[in-house]
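# An overview of the molecular structure
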Amino acid sequence: MGAPKQRWTSEEEAALRAGIARHGVGKWRTILKDPEFSSTLCYRSNVDLKDKWRNMNVIVSTSSSRDKAKSALKRIRTIPKNNEHTMAITRVTSDIDDEIVDEKPIVSLPSEAKNTSSSKKSHRLDNIIMEAIKNLNEPTGSHRTTIANYIEEQYWPPSDFDHLLSAKLKDLSTSGKLIKMA
DNA sequence: ATAGGGGTAACA
DNA sequence: TGTTACCCCTAT
């Protein structure tokens, strides 16, 4: 008799997404050991995380198509293999680990900008960025790569998203909507 | 340890 | 009914 069944709470899902944003997809054990998430995910195993992530990426079957197949089989989002733009996801963690490469613009929210309800429902990139940083909730600010990873997990940004994000981050910090940490 | 195919009881 | 949390298995 296994566990009765505990449905995932929104807190747990948020912790999982944030954990993936920090450590990358597939680093389930690392996410579990992260003191930031271990408390909320303490009842979950690394396999649970893997399975949950799989369930979260299921395409809702609108049944509009003639699905003669078994109903329990669902389609996973087909990840477009954009030629040279290979895996942004797996690249991020190594960037953080190595801590090499160019400037690391760390960005943080002004203390006033935590107003969740004020931002419109619009999915303008600005709002997405702000939401990402807010949800990441990293006290020391967030790396550009961490932000990019987080956003890429939730939306489906264009292939040149890295460049877009960099430009937008610069705008936001110049206009004072974001604080650039040294 | 992780990825992924596949199954199923227990949910809504 | 369709969805989903959990399980089992195999390959890497």
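Just so it is clear, the model here is predicted, and its values are computed rather than measured. (Residues numbered from 1 in each chain as written. Chains lettered and ligands numbered in written order. Predicted model: local features only at pLDDT ≥ 70, side-chain atom pairs only at ≥ 80, totals over all residues. Heavy atoms only, no water.)

### Looking at empty space enclosed by the protein
Counted according to the given criterion, the structure contains two cavities of 30 Å³ or more. Its boundaries defined by the atoms lining it, the second largest cavity holds a volume of some 30 Å³. As for the second largest cavity, its lining consists of Ile128, Glu131, Ala132, Tyr150, Ile151, Gln154 and Tyr155. Those elements that provide at least two residues to the lining of the second largest cavity are helix H6 (125-136) and helix H7 (144-154). A class-by-class count of the residues in the lining of the second largest cavity yields five nonpolar, one polar and one charged. (1 Å grid on protein atoms, 1.4 Å probe; cavity = no way out; pocket = protein on both sides within 12 Å on 5 of 7 lines; lining within 4 Å. Points joined across faces, edges and corners; volume = space filled by probe spheres on them. Helix = DSSP H or I, 4+ residues; strand = E, 2+ residues; numbered from the N terminus. Nonpolar A, V, L, I, M, F, W, Y, C, P; charged D, E, K, R; others polar.)

### With respect to the protein's contact with DNA strand B
Residues in close proximity to DNA strand B total ten residues, the closest being Trp28, Arg29, Asn46, Lys50 and Arg54. In this structure, a phosphate oxygen belonging to DNA strand B sits 3.0 Å away from a side-chain N or O atom of Asn46. Within the side chain of Lys50, an N or O atom sits 3.0 Å from a base oxygen of DNA strand B. At the level of elements, helix H2 (28-33) and helix H4 (46-56) are the ones that each hand at least two residues to the surface near DNA strand B. (Near = heavy atom within 4 Å. Polar contact = N/O pair within 3.5 Å; in protein donor to acceptor, adjacent residues only side chain to side chain.)

### A few points about the protein's contact with DNA strand C
Near DNA strand C there are 13 residues, and of these Lys5, Arg44, Lys52, Asn55 and Lys74 occur at the shortest range. Considering DNA strand C, the proportion of its atoms within 4 Å of the protein that are sugar or phosphate atoms stands at 69%. In this structure, Lys5 approaches DNA strand C through a side-chain N or O atom, which is 3.0 Å from a base oxygen. Lys52 is positioned with one of its side-chain polar atoms (N or O) 3.0 Å from a phosphate oxygen of DNA strand C. Residue composition of the surface near DNA strand C, grouped by class: one nonpolar, five polar and seven charged.

### Structural notes on H6
In this model H6 runs 16 Å from its N-terminal to its C-terminal C-alpha over twelve residues, within 8% of the 16 Å that 1.5 Å per residue would give. Most of H6 sits out of view: nine of its twelve residues are buried. Residues Leu125, Asp126, Asn127, Ile128, Ile129, Met130, Ala132, Ile133 and Leu136 constitute the buried set of H6. (Expected span 1.5 Å × (residues − 1). Buried < 20%, exposed > 50% of the residue type's maximum accessible area, 1.4 Å probe, protein only.)

### What about the nonpolar core?
The biggest cluster of nonpolar side chains holds 17 residues, and the ones touching the most others in it are Ile129, Ile147, Ile151, Phe161, Leu165, Leu169 and Leu178. For this core, the secondary-structure elements that each account for two or more residues are H6, H7 and helix H8 (161-174). Of all the elements, H6 adds the most residues to this core, at seven residues. In contact with Leu165, not counting residues within four places along its chain, are Ile129, Arg144, Ile147 and Ala148. Among the nonpolar cores identified, the runner-up in size contains twelve residues, and Ala18, Phe37, Leu49 and Trp53 belong to it. (Core = buried A, V, L, I, M, F, W, Y, C linked by side-chain atoms within 4.5 Å. Contact = heavy atoms within 4.5 Å.)

### Some remarks on the side chain of Glu12
On the secondary structure map, Glu12 appears in helix H1 (residues 10-23). Of note is the side chain of Glu12, whose polar atom sits 3.0 Å from the backbone nitrogen of Thr9. At 3.0 Å, the side chain of Glu12 forms a polar contact with the side chain of Arg44. Residues within four places of Glu12 in sequence aside, it is in contact with Arg7, Thr40, Leu41 and Arg44.

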